[in-house]
Amino acid sequence: MIFNQYVIWCINFVVLLIPHESFALDLTIDIDSIDGIDVWDLAIEENVNYPIVPQQMQSQISQHIKTQYEYLKSKGYSIKLIRNNEVLMITIPIDSLFRTNMYNYIKKSGEECLCPLIQYLKIKEMYRMILAVHHDDTLNSENADILTYERVLYLIDWLSSKTANANDVIPYSMGNAYPITSDKSSYGREKNRRLEIFIVPGKTMLELADEKKL
């Protein structure tokens, strides 16, 4: 792997200590007033909601994010606007990225899915990219945790080979604890095996919006 030791430590710390029971996108969480925020220490729903966009910047930020939404939608992504149109949520079937129960090789179809998203890591802290890897119940919870952990590490490794700003990517291993549909059918299991990518405004974007240069 090509990580430096600091990045390896951060990823291991975040992925292993996720409080699974807290995973719910509560869009009312206000953590902007907390001093000393370290995004590596946040639960996933807190990271999706951080930072709070100041009111005077909301129009600029939401318009910018909507433009990205329209672009990615036109490219065929499964995508939603969340958090008052300030955050993009992209869902990619894990089967498009990895072979069954494998983690150390991204398929050609996976690279085709991921490559257009590298643009969001070109400018340092323009965006934060949150990755959440999920599995279905064909594996027990322990093995699902291990597989999603290895897959999210490999995704970070792959992104690190494409951009100098991979530290703007925050990984979460979700195991099989958060299905979006029933695992009783092959269709449902396929839907539950997924990568969720949240593209969140970063510090640089807020600075540009504050200067009305976004």
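Heads up: the structure comes first, above all this text.
Residues numbered from 1 in each chain as written. Predicted model: local features only at pLDDT ≥ 70, side-chain atom pairs only at ≥ 80, totals over all residues. Heavy atoms only, no water.

A. How the structure looks around the pattern of salt bridges. Counted according to the given criterion, the structure contains five salt bridges. A salt bridge links R83 to E86, with the shortest nitrogen-to-oxygen separation between them at 3.0 Å. Judged on exposure class, the residue R83 and its partner E86 are both buried. Among the ionic pairs, D136 bridges to R193, the shortest N-O distance being 2.5 Å. Linking D136 in the loop between β3 (127-134) and α5 (141-160) with R193 in the loop between α6 (186-192) and β5 (194-201), this pair joins segments that are 57 residues apart in sequence. Residues joined by salt bridges that share partners form a network here, namely D95, D136 and R193. (Salt bridge = Lys/Arg side-chain N within 4 Å of Asp/Glu carboxyl O. Buried < 20%, exposed > 50% of the residue type's maximum accessible area, 1.4 Å probe, protein only. Helix = DSSP H or I, 4+ residues; strand = E, 2+ residues; numbered from the N terminus.)

B. Region of the structure containing the sheet that holds β3. Read across the open sheet, the five strands follow the order β1-β2-β5-β3-β4; overall the sheet is mixed. In this open sheet, the two edge strands, each paired with only one partner strand, are β1 (78-82) and β4 (169-173). Neighbour-to-neighbour, the strand axes of this sheet turn through a mean angle of 20°, independent of strand direction. Sheet topology places β1 next to strand β2 (residues 87-93); five bridges connect them, and they run antiparallel. Bridging across to β2, K80 finds its partner in M89. (Pairing = 2+ DSSP bridges. Axes fitted to C-alpha atoms, helices over the stretch in contact; angles between N-to-C directions.)

C. Highlighting the state of the cysteines. Considering all chains together, one arrives at zero disulfides under this definition. C115 provides the cysteine sulfur closest to C113, a residue in no disulfide bond, and the two sulfurs are 9.6 Å apart. You can call C115 partly exposed: its relative accessible area is 39%. (Disulfide = S-S within 2.5 Å.)

D. Seen up close, α5. End to end, α5 covers 28 Å across 20 residues, agreeing with the expected 28 Å (1.5 Å per residue, within 8%). Two or three places before E142, at the opening of α5, N140 has a side-chain oxygen 3.2 Å from that residue's backbone nitrogen. (Expected span 1.5 Å × (residues − 1). Polar contact = N/O pair within 3.5 Å; in protein donor to acceptor, adjacent residues only side chain to side chain.)

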